Amino acid sequence: NTFTPPLNTPLTDSLFLYVYTTLQGDTVQSNDTSFVKIKVLPAKNLQVVNTNAITERCKLLSQPVSAVLKNVGEKPITDTDNISLTYEVAGRPDLTVTEQLHLPYTDATGTYPTIQKNAQITYTFTHLANLYRLGLNDTTWRMRTYAAFTTDHVKTNDTSAYITINSRRSPNSPVAYNDT
């Protein structure tokens, strides 16, 4: 027989496995039970480490967005895994973009046919973000990225912290007069 235990919640907690016997006519029942402390490590667990900072300040009409992803599960993430990656801007659902991560994937450090245990990649969205300021004033945006992965049952590490993006009004062009 096989035993498929539930996933620890949180992952740092242990589960206890109790095994006991029932024997007819057994008069000493104090030795009929055994237990062991176990940890169930997730096979597939994709962590969104962070959303990379956008440091440009002016004319943010078409900004690339990227996120660092790390496989913290026990098994490799392969081309058969269905992974959606999303970036969203707080308060602006019209600026939310979702894309599929297709393996093999190539970033600045190499090509990854799979994402092995403890390996990380930088995913750059193909759809550029329009983070141009609103109206005539400077605008501060808050953006984060997250992953949706059907076989990843650890949801606590699937979303990055928000980053702050300052979209500034470009200064007016200088006006010069020739008085001569």
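Residues numbered from 1 in each chain as written. Predicted model: local features only at pLDDT ≥ 70, side-chain atom pairs only at ≥ 80, totals over all residues. Heavy atoms only, no water.

Enquirer: Please set out the overall build of the protein residue by residue, giving values where relevant.
Expert: Each helix and strand counted, the protein has zero helices and 11 strands in total. When the 180 residues of the protein are sorted by exposure, 32% land in the buried category. For the protein, the accessible area works out to roughly 11,800 Å², and carbon and sulfur atoms hold 53% of it. (Helix = DSSP H or I, 4+ residues; strand = E, 2+ residues; numbered from the N terminus. Buried < 20%, exposed > 50% of the residue type's maximum accessible area, 1.4 Å probe, protein only. Areas by Shrake-Rupley, 256 points an atom, 1.4 Å probe, with all protein chains shown as cover.)

Enquirer: Outline empty space enclosed by the protein, listing residues and values.
Expert: According to the stated counting rule, one finds one cavity of 30 Å³ or more in the structure shown. As a volume, the largest cavity reaches approximately 40 Å³. Looking at the largest cavity, the residues that line it are Val48, Ala67, Leu69, Leu85, Thr86, Tyr123, Phe125, Thr145 and Tyr146. A class-by-class count of the residues in the lining of the largest cavity yields seven nonpolar, two polar and no charged. (1 Å grid on protein atoms, 1.4 Å probe; cavity = no way out; pocket = protein on both sides within 12 Å on 5 of 7 lines; lining within 4 Å. Points joined across faces, edges and corners; volume = space filled by probe spheres on them. Nonpolar A, V, L, I, M, F, W, Y, C, P; charged D, E, K, R; others polar.)

Enquirer: Residue-level account of the sheet that holds strand 9 (residues 120-124), with values.
Expert: Spatial strand order, 3-4-9: three strands in an open sheet with antiparallel pairing. The open sheet has two edge strands, strand 3 (46-51) and strand 9, and neither has a second partner. Strand-to-strand twist of the sheet, defined as the mean angle between neighbouring strand axes without regard to direction, takes the value 30°. Sheet analysis places strand 4 (residues 66-71) next to strand 9, joined by five bridges and oriented antiparallel. Looking at strand 9, one finds that Leu69 is bridged to Ile121. (Pairing = 2+ DSSP bridges. Axes fitted to C-alpha atoms, helices over the stretch in contact; angles between N-to-C directions.)

Enquirer: Describe the pairing of strand 4, with residues and values.
Expert: In terms of burial, strand 4 is a largely internal element, five of the six residues being buried. The sheet contact formed by strand 3 and strand 4 spans five bridges and is antiparallel. Following the sheet pairing, Thr51 is matched in strand 4 by Ala67.

Enquirer: Break down unusual backbone geometry for me, with residues and values.
Expert: The linkage connecting Leu103 with the following residue, Pro104, adopts the cis geometry, with an omega of 5°. Relative to the helices and strands, Pro104 is located in the loop between strand 6 (92-101) and strand 7 (105-107). Backbone geometry places Asn118, a non-glycine residue, at a positive phi of 70°. With respect to the element layout, Asn118 can be found in the loop between strand 8 (110-112) and strand 9.

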